[in-house]
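Fold and contact review
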Amino acid sequence: MSTDTGSQNEALPVIERVKHELRRRQLTVVDVQRLSPAMIRIVLGGDELQGFTSLSPADHIKIFVPDGDGGIAMRDYTPRFFDPVKRQLTIDFAVHEAGPATRWALSAKVGDGLQIGGPRGSQIIGGSIAAWLLIGDETALPSIGRRLEEMQAGVPVSVVAAVPDRADEQNFETGARLDMHWLHRADPTDAVPYLEKLKTMEIEPSTFVWIAAEGSVARAIRRYLVEERGHPMPWLKASGYWVQGKADTVEKFDE
């Protein structure tokens, strides 16, 4: 199946970049919930969230946690939900590796402190987008979930999400017209399950594709969609949210 690109070249999507004031905030854990075997939800609160701004589901903040050797490690996380009235920020932690952020999340309890920084800026995707295709692993679920919840009613969106097991699937409340596809995989660096699923799916004109997974997986999906399906580059954004064997590493392929 190939993508019909004819009408996609007439009106391109627009990515608006907005910068934010960069500052650190000292927050306190107010709630901890185990969403699934592979995901921990932590709600942070504090008066220092006054003025916090996150305009895009693809935003990221820095969290500062002990590195285990007496120092501090920084890691990127998606602001899953922000309540400006309660001054509470929700972050979902994917338990996919035994790094310092995962160790902190696994032991976090109400009353613990956490320092965050950012977001530095937001990239808002808009324009003449008729439909969405969101692809990712469990590290992408916070961004996927937030995007689904913030979408306008009736917008067609397909999601291909790979998680370790059925117990790691999540339910999202959305007014969008959602077509959800869960994949269960053992190896998070294997792109084959995604590619096999995508080969069975139509991609309509003016569909914006957003990809976030392990670096080599995101690269393989991007290559397949562009080279084999003919999906236009302006209609696709791909990122390696993490890279196997490399700490605190992300990959971006279209900037």
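Values in this document were obtained by computation on a predicted structure and should not be read as measured data. (Residues numbered from 1 in each chain as written. Predicted model: local features only at pLDDT ≥ 70, side-chain atom pairs only at ≥ 80, totals over all residues. Heavy atoms only, no water.)

Things to note about the nonpolar core
Rules: As used here, the term nonpolar core means buried Ala, Val, Leu, Ile, Met, Phe, Trp, Tyr and Cys residues forming a set that is joined through side-chain atoms within 4.5 Å. Whether a residue is buried, partly exposed or exposed follows from its accessible area with a 1.4 Å probe, protein chains only, as a fraction of its type maximum: under 20%, in between, or over 50%, in that order. Note on conventions: DSSP H or I runs of at least 4 residues are helices, E runs of at least 2 residues are strands, and numbering of each starts at the N terminus.
Counting residues in each nonpolar core, the largest one holds 23 residues, and the members touching the most others are W132, L134, L141, I144, L148, V157 and V159. Of all the secondary-structure elements, those providing two or more residues to this core are β10 (131-137), α2 (141-150), β11 (156-163) and β13 (207-214). Among the nonpolar cores identified, the runner-up in size contains 22 residues, and Y194, V209, I211 and I221 belong to it.

Topic: the packing of aromatic side chains
Worth spelling out the cut-off: Stacked, tilted and edge-to-face are the three classes applied to pairs of Phe, Tyr and Trp rings, where Trp contributes its six-membered ring and a pair requires centres within 6.5 Å; stacked means planes under 30 degrees apart, edge-to-face means over 60, and tilted covers the rest. Two conditions define a charge located above a ring, namely a distance within 6 Å from the ring centre to NZ of Lys or CZ of Arg, and an angle within 35 degrees of the ring normal.
Evaluated as defined, the whole model comprises five aromatic pairs. Taking 5.8 Å as the distance between ring centres and 45° as the angle between the ring planes, the aromatic pair formed by F93 and W104 counts as tilted. Within this pair, whereas F93 is found in strand β7 (residues 88-94), its partner W104 is found in helix α1 (residues 100-107), the two being separated by 11 residues in sequence. The same class applies to F93 and to W104, which are both buried. Among the aromatic residues, those joined into a cluster by ring pairs are Y77, F93 and W104. Above the ring of F64, the side-chain terminus of R24 is found at 4.0 Å from the ring centroid.

Focus on the confidence of the model for the protein chain
Selection rule: The pLDDT score gives, residue by residue, the confidence of the prediction method on a 0 to 100 scale. Whether two residues are in contact is decided by their heavy atoms, any of which lying within 4.5 Å being enough.
With 92% of its residues at a pLDDT of 70 or more, the protein chain shows a mean pLDDT of 92. Contacts for the low-pLDDT stretch residues 1-9, under 50 throughout, to residues beyond four places or in other chains number 24 contacts.

So, the pairing of β13
Note the threshold: Strands were regarded as paired on the criterion that DSSP finds at least two bridges between them. Viewed with both strands pointing away, a crossover whose connecting path from the first strand over the helix to the second turns clockwise is right-handed.
Within β13, eight of the eight residues are buried, which leaves it mostly tucked inside the rest of the structure. Two strands pair when backbone bridges link them, and β13 and strand β14 (residues 236-242) are joined in this way by six bridges, in the parallel orientation. Directly across from V209, in β14, lies its bridge partner L236. Considered for its hand, the β-α-β crossover made up of β13, helix α4 (residues 215-228) and β14 is right-handed.

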